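The chain contents come next:
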Amino acid sequence: MATPRATWFEGTTGTMRIALSGSWNADHAAVLETLIESIVVRKAGTKRVERYALACEDIVGLDTLGAYLVHKVRTLLADGGHHVEIEGLRVEQAALLNEAAYTPVRLPALPETGGAYHLLADVGEAVVDAGKDLANGVAFFGAIIAALGRLLIGRAKLRLPSVITQLERVGLRGVPIIMLISFLVGAIIAQQSIFQLRTFGTVHFVADLLGILVLRELAVLLTAIMIAGRSGSSFTAELGSMKMREEIDALETMGLDPLEVLVLPRIVALIIALPLLTFLASMAGIAGGAIVAFVYGGVSSEVFFSRLQGAIGFNTFMVGMIKAPFMALVIGLIACIEGFAVRGSAESLGAHTTASVVKAIFVVIVVDGLFAMFFAAIDY
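By convention here, each chain's residues receive numbers from 1 onward along its written sequence. Per-residue local features of the predicted model are confined to residues with pLDDT of at least 70, and side-chain atom pairs are confined, for both listing and counting, to 80 or more; whole-chain, interface and lining totals are unaffected and use all residues. Neither water nor hydrogens contribute to the side-chain values; these are computed over all heavy atoms in the structure.

Draft legend 1. Seen up close, a nonpolar patch on the surface. Surface patches are drawn from residues lacking salt bridges whose relative accessible area is over 30%; two like charges belong together within 9 Å, two nonpolar side chains (Val, Leu, Ile, Met, Phe, Trp, Tyr) within 5 Å. Residue exposure ignores everything except the shown protein chains as possible cover, and the areas themselves are Shrake-Rupley values with a 1.4 Å probe. Between Lys or Arg on one side and Asp or Glu on the other, a salt bridge is scored when a side-chain nitrogen of the former is within 4 Å of a carboxyl oxygen of the latter. A contiguous nonpolar patch, built from Phe195, Ile291, Phe294, Val295 and Tyr296 and spanning about 520 Å² of accessible area, is present on the exposed surface. A total of 3 residues in the nonpolar patch trace back to one element, the largest contributor, which is helix H9 (residues 258-295). Helix and strand labels come from DSSP, where a helix needs a run of H or I of at least four residues and a strand needs a run of E of at least two; each type is numbered from the N terminus. Structurally, Val295 is set in helix H9. Exposure categories follow from relative accessible area, calculated using a 1.4 Å probe and restricted to protein chains: below 20% of the type maximum is buried, above 50% is exposed, and the middle band is partly exposed. Judged by relative accessible area, which is 65%, Val295 ranks as exposed.

Right, dumping it as structure tokens:
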């Protein structure tokens, strides 16, 4: 097949004629690209030319790629206000040329901005995303309340085997690590407290400090954070994988509500398990502090527990227990929302799992702070 060529002829004043010949098809793609580059270079040296004429009588083969490149040559020659005519095309070639038109992409010029602009833009985007997350959370919570309403009036069914399975995974299997961490943290707090209290000769007050801190704040906060990282991420990954494999769409096709089948058992299990785990974490933290007080501070168990009994009341215990169900609810909501937001890629699954843990821990700390201010305001 003939090699494509472009031959230049001087025409009348202000006109340049370019004769295109050979096979303009995909078999000569590399040659055609080089030829077009040479035409652009040649055009730069003919600044006084006002009109161009593309003579295509000698083109012996023209496919879609060739038509596209001929139109590209025409567009490049016309750049700068030049008039370009195409001559000699057969009817079928002209039709193909119209279908394979080349359109140059001209990106709009971006305004020059400084670092402060980008910083403010990022802050604004973060605020908008936070607002969207809040709106999605409220809408999802409303859907959960509606599902609970259907459950109460008998139009929906809570699957107890699913609840028990989630209770085992969230509660029973989480007991060892939660008690171990709480024990160690209680021991560390007791050691640091004794180190400071020795200065004032009041080492025995470590029981007061540890009991109030663990029961009111530390046990429930540590438990919620560990559950957010352990179970919340698991919920997001499970629901996200089901979303990617279209299993959730299959449930909807079968007439089942994914909220009733997948979300309600997980949230109910969290609301039941988190207060129980908080109680165990409180006992483990106090036990760790008592051992350190005896070994490091010389505080006997009789003195420690006597001080503890006098320092704490039923309200001290209940503060942490009241917080636990609300923290469980926000952890479950965030984990399920992020799971349903996963799209069809492994990258999306990883991003939403990470977001689930980060958002859950953040909201848990915010909820703890709100409860702390509320209980302080009512003097509880």
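Draft legend 2. Representation of the pairing of strand S3 (residues 51-62) within the structure. Paired strands, in this sense, are two strands between which DSSP finds at least two bridges. Summarising the sheet, strand S2 (residues 15-24) and S3 pair through 9 bridges and their orientation is parallel. For Gly22, the partnering residue across the bridge sits in S3 and is Ile59. Note that S3 and strand S4 (residues 83-87) share 5 bridges and pair parallel. Following the sheet pairing, Leu54 is matched in S4 by Ile86.

Draft legend 3. Spotlight on the pattern of salt bridges. Counted according to the given criterion, the structure contains 12 salt bridges. For Asp208, the salt bridge is made with Arg307, and the minimal N-O distance between the two is 2.9 Å. Taken together, the positions of Asp208 in helix H7 (residues 206-244) and Arg307 in helix H10 (residues 301-311) put the pair 99 residues apart, joining distant regions of the chain. Residue Asp208 is classed as buried on the basis of its relative accessible area of 15%. By sharing partners, the salt bridges in this structure join Asp133, Glu338 and Lys359 into a single network.

Draft legend 4. The arrangement of the packing of aromatic side chains in detail. Here the aromatic set is Phe, Tyr and Trp, taking the six-membered ring for Trp, and pairing holds for ring centres within 6.5 Å; pairs whose planes are under 30 degrees apart are stacked, those over 60 apart are edge-to-face, and all others are tilted. All told, the structure shown has 8 aromatic pairs when counted by the stated rule. Relative to Phe371, the ring of Phe326 has its centre 5.2 Å away and its plane inclined at 55°; by these criteria the two rings are tilted. One end of the pair, Phe326, is in helix H11 (residues 314-340); the other, Phe371, is in helix H12 (residues 346-377), with 45 residues separating them in the sequence. The exposure class of Phe371 is buried, given its relative accessible area of 15%.

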